[in-house]
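Tertiary structure, described
Spelled out, the chains give:
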Amino acid sequence: VHDAARPLVTAAEVRAVMEDAAEHGAAVLGVPSKATIKESADGSFVLRTIPRSRLWEIHTPQVIRPDLLQQGFDKALKENLDVTDDVSLVEHLGSPVRLTLGEYTNIKITTPEDMPIAESILAERGDGSE
């Protein structure tokens, strides 16, 4: 599963996540979080700091064996589960999802401010080769 909001994914990343999914049933591209993440119960005060060493920023593509994905959708529908991405469906099944190390340059383009960053990444890549 891949969305158009991450058009800078490389062929090497796609190959790696496909290989991990073939071995484990489900895999997702991601990078270790660089940011400090705070949890808040009310949006006004910090409840706690979540250890950064355990946090990953998840990207696409997310690769899931088709039967596993269908089972996840069935469960989500039956139990009215709130999921934010496709591998969350697999998590709700209790099945493992392999983290495949991606690249920080696989940014999500959702606002006009993201375009100059994407253009810079593409310019740095030059001819588009890996």
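Figured I'd write up the structure that's included with this text. All values derive from a computational prediction rather than experimental measurement. (Residues numbered from 1 in each chain as written. Predicted model: local features only at pLDDT ≥ 70, side-chain atom pairs only at ≥ 80, totals over all residues. Heavy atoms only, no water.)

Applying the stated rule across the entire model yields 4 salt bridges. When the shortest N-O distance is used, the salt bridge between D67 and R65 registers 2.7 Å. Across the pair E79 and K75 runs a salt bridge, and its minimum N-O distance is 3.0 Å. Separated by 4 residues within a single helix, E79 and K75 lie in helix α2 (residues 66-79), roughly one turn from each other. With a relative accessible area of 42%, E79 lands in the partly exposed category. (Salt bridge = Lys/Arg side-chain N within 4 Å of Asp/Glu carboxyl O. Helix = DSSP H or I, 4+ residues; strand = E, 2+ residues; numbered from the N terminus. Buried < 20%, exposed > 50% of the residue type's maximum accessible area, 1.4 Å probe, protein only.)

For the rest of this paragraph, the subject is the sheet that holds strand β4 (residues 56-64). Spatial ordering of the open sheet is given by β4-β1-β5, a layout of 3 strands whose pairing is mixed. The open sheet has two free edges, formed respectively by β4 and β5 (98-101), since each of these has just one partner strand. Along the sheet, successive strands turn relative to each other by an average axial angle of 35 degrees, direction set aside. Both strand β1 (residues 26-32) and β5 contribute to a ladder of 4 bridges, which runs parallel. When the bridges of β5 are listed, V28 appears paired with L99. (Pairing = 2+ DSSP bridges. Axes fitted to C-alpha atoms, helices over the stretch in contact; angles between N-to-C directions.)

Let us look at a nonpolar patch on the surface. Nonpolar side chains collect at one region of the surface, where W56, L99 and L101 lie side by side and expose about 280 Å² of accessible area between them. Checked against the element boundaries, L101 lands in strand β5. Taking the relative accessible area as the measure of exposure, L101 reaches 58% and is therefore exposed. (Patch = residues over 30% accessible without salt bridge, like charges linked within 9 Å, V, L, I, M, F, W, Y side chains within 5 Å. Areas by Shrake-Rupley, 256 points an atom, 1.4 Å probe, with all protein chains shown as cover.)

For α2, which comprises 14 residues, the first-to-last C-alpha distance of 20 Å matches the rise-based estimate of 20 Å (1.5 Å per residue) to within 8%. The secondary structure elements touched by the buried residues of α2 are β1, β4 and α3 (86-93). One or two positions beyond α2, positive phi appears at N80, with a value near 55 degrees. (Expected span 1.5 Å × (residues − 1). Contact = heavy atoms within 4.5 Å.)

The next subject is the nonpolar core. A26, V28, I64, L68, L69, A76, V87, L89 and V90 together form the largest nonpolar core, which totals 9 residues. Listed by contribution, the elements that provide at least two residues to this core are β1, α2 and α3. Not counting residues within four places of it along the chain, the set of residues in contact with L89 comprises L69, G72, F73, A76 and V83. Counting residues in each nonpolar core, the second largest holds 6 residues, with V17, A21, A27 and L29 among its members. (Core = buried A, V, L, I, M, F, W, Y, C linked by side-chain atoms within 4.5 Å.)

For the pair α2 and α3, the least separation of the axes is 8 Å and the interaxial angle reads 80 degrees. Accordingly, the angle class assigned to the pair α2 and α3 is roughly perpendicular. Residue-level inspection shows L68, L69, Q71, G72, F73, K75 and A76 of α2 in contact with α3, the latter providing D86, L89, V90, H92 and L93. The residue makeup of the contact of α2 with α3, split by class, is 7 nonpolar, 3 polar and 2 charged. (Parallel < 35°, antiparallel > 145°, perpendicular 65-115°, else oblique. Nonpolar A, V, L, I, M, F, W, Y, C, P; charged D, E, K, R; others polar.)

Without other data, these values stay purely geometric and don't point to any function.
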